[in-house]
Amino acid sequence: MNETRVPGFGTLCIHAGQEPEPVTGAVSVPIFQTSTYAQDALGSPRAGFEYARSKNPTRLALEELLAALEGGAAAHAFASGQAALSGLATAHLRSGDHVVVSRGSYGGTWRYFTKVLANFGVTFSWVDTTDLDAVRAALGPATRMLFVETPANPTMELSDLAALAGIAREATARAGAKVRLAVDNTFATPFFQRPLALGADAVVHSTTKYLNGHSDSVGGAVVSATAEDAARVGFVQNAAGAILSPFDSFLVTRGIKTLAVRMRAHDDNGRAVAVFLAVHPAVKAVFYPGLPSHPQHALATRQLSGFGGMLSFDLGSRDAAKRFLDRLRLFTLAESLGGVESLAGHPASMSHGSLSPEERAARGITDGLVRLSVGIEDVDDLLADLARGLEGE
Ligand SMILES: *Cc1c(COP(=O)(O)O)cnc(C)c1O
């Protein structure tokens, strides 16, 4: 065997952090449902396990797996994607700091930054991060973080991560203090996009979506590029305590075992659905990075190794969108995304309903826009359901 061989992504999904359990040899990492650990003698906890908020073997296995998949120094698992965002922000930001954020970020990111962190003296500029000049113009002497979501919900716009990492490095040199690039990689997952390899300092995930993949757990994670940054996030994880439970850690680890095969299947079905919709006469526009009509298709082919199962399309009016959603049988009308089952939603009234009509218009979220999370069912059944939904339009 060649000892220097680097395992492939699909192999890491199944084996990274997943050594057989040392006492029994269990091949599946057990759910260590315990709050504390016996100590043999004063001052000598076994294997460093003292209290389960600080360290739990089930969570640790998932954290090692996530660090391996994203190519980071270490990962920390949190109780939700929002808790992970909070862990990242409070580890690296102080009162007086300024953050440049993607205008198209998840609504919960907007809520946490503007309604919570803003109360602690952190300021934010909401910028179209697909426009590098707009990002440069938004930077100031107090900027300490670029927070970028790409692809961004729901119009699937992309930000150029390698270029943004360069901007963050220049800003670091000017400021004489670290200006971090943090990326929400929930949509693409490390299977299609590796932000740390492109120069980012941290990755945030809602593991609720593709990583767990089965719509049966809420969780999140931060993956840090360096051990120093990881130590700060780990300190906050223990100090603030928003940890992922042992059972959810088990579920996400189990979900990730099939991440490579699921993402390939989402990608196959996503492409087929995008092409079907693009040529359908009732559909005004389709937003999918894999279509040549996507304004950033060239960047998509460079930055992503696949396009996945998320897309949106415009039916021209709220009424048409409602008729379509009402006729679907296989696609379920629901919030969320990234599970094996196909979901459909109406961003203007669901995921982005809290934005003002002006804010929605600025982001291209029209009343006729429908978002799909294309699952991994048989594609012919999905296309038949979509055809039924569009009948008579
Ligand atoms: C769902 C989601 C989040 C928030 O994650 P939760 O697990 O719901 O807290 C953050 N970012 C993106 C892109 C998401 O889709």
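Residues numbered from 1 in each chain as written. Predicted model: local features only at pLDDT ≥ 70, side-chain atom pairs only at ≥ 80, totals over all residues. Heavy atoms only, no water.

A. Just the pairing of strand S3 (residues 123-127), in detail. Pairing geometry for strand S2 (residues 98-102) and S3, over five bridges, is parallel. By the bridge assignment for S3, Val101 is matched with Trp126. The β-α-β motif built from S2, the intervening helix H4 (residues 107-115) and the parallel element S3 has right-handed crossover chirality. (Pairing = 2+ DSSP bridges. Helix = DSSP H or I, 4+ residues; strand = E, 2+ residues; numbered from the N terminus. Right-handed = clockwise from strand over helix to strand, strands pointing away.)

B. Up close: helix H12 (residues 318-327). Listed as buried for H12 are Ala320, Ala321, Phe324 and Leu325. Seen end-on, H12 carries its buried residues on one side only, within an arc spanning 130°. In H12, the exposed residues that point more than 90 degrees away from the buried face are Asp319 and Asp326. Contact partners of the buried residues in H12: strand S9 (310-314), strand S10 (332-333), strand S11 (343-345), strand S12 (369-373) and helix H14 (379-390). (Buried < 20%, exposed > 50% of the residue type's maximum accessible area, 1.4 Å probe, protein only. Arc of directions from axis to C-beta. Contact = heavy atoms within 4.5 Å.)

C. The domain arrangement of the protein chain, seen in detail. Taken domain by domain, the protein chain consists of domain 1 (9-256) and domain 2 (260-390). With centres defined by C-alpha atoms, the gap from domain 1 to domain 2 works out at 26 Å. At the interface, 37 residues of domain 1 touch 39 residues of domain 2. For the domain 1 face of the interface with domain 2, the top three residues by lost area are Leu158, Phe192 and Tyr210, together amounting to 27%. Applying the counting rule to domain 1 against domain 2 returns one salt bridge. Of the charged contacts, one joins Asp160 and Arg302 as a salt bridge, the two residues approaching to 3.3 Å between their closest N and O atoms. (Domains from an automatic or database assignment. Buried area = accessible area lost by both parts, 1.4 Å probe. Salt bridge = Lys/Arg side-chain N within 4 Å of Asp/Glu carboxyl O.)

D. Broad picture of the environment of Ala142. With respect to the element layout, Ala142 can be found in the loop between helix H5 (132-138) and strand S4 (143-149). A relative accessible area of 30% means that Ala142 is categorised as partly exposed. Along the backbone, Ala142 and Ala79 are 63 residues apart, and their C-alpha atoms lie at a distance of 30 Å. Apart from residues lying up to four places away in sequence, Ala142 is in contact with Gly96, Asp97 and His98.

E. Seen up close, the packing of helix H3 (residues 81-92) against H4. Running from amino to carboxyl end, H3 crosses H4 at an angle of 45°, the nearest separation of the two axes being 10 Å. Taken together, H3 and H4 sit at an angle that is classed as oblique. Of the two possible hands of crossing, H3 and H4 adopt the one that is right-handed. On H4, the residues that touch Gln82, Leu85, Ser86, Ala89 and Thr90 of H3 are Gly108, Thr109, Tyr112 and Phe113. For the contact of H3 with H4, the per-class residue count stands at four nonpolar, five polar and no charged. (Axes fitted to C-alpha atoms, helices over the stretch in contact; angles between N-to-C directions. Parallel < 35°, antiparallel > 145°, perpendicular 65-115°, else oblique. Left-handed = near helix turned anticlockwise from the far one by under 90°. Nonpolar A, V, L, I, M, F, W, Y, C, P; charged D, E, K, R; others polar.)

F. Spatial organisation of the side chain of Thr143. Residue position: Thr143 is located in strand S4. Side chain to side chain, Thr143 and His98 meet in a polar contact 2.8 Å long. Polar side-chain contacts of Thr143 include one of 2.8 Å to the backbone nitrogen of Gly140. Residues in contact with Thr143, not counting those within four places in the same chain, are His98, Val100, Ala138 and Val179. (Polar contact = N/O pair within 3.5 Å; in protein donor to acceptor, adjacent residues only side chain to side chain.)

G. Molecular detail of the packing of aromatic side chains. Going through the model one piece at a time under the given rule, you end up with 10 aromatic pairs. Note on Phe113 and Trp126: the rings are 6.3 Å apart at their centroids and 50° apart in plane angle, and the pair reads as tilted. On the criterion of sequence distance, the pair formed by Phe113 in helix H4 and Trp126 in strand S3 is long-range, its members being 13 residues apart. By relative accessible area, which is 1% here, Phe113 ends up buried. Feature note: the residues Tyr112, Phe113, Phe124, Trp126 and Phe147 constitute an aromatic cluster, connected by ring pairs. (Phe/Tyr/Trp six-rings, centres within 6.5 Å; stacked < 30°, edge-to-face > 60°.)

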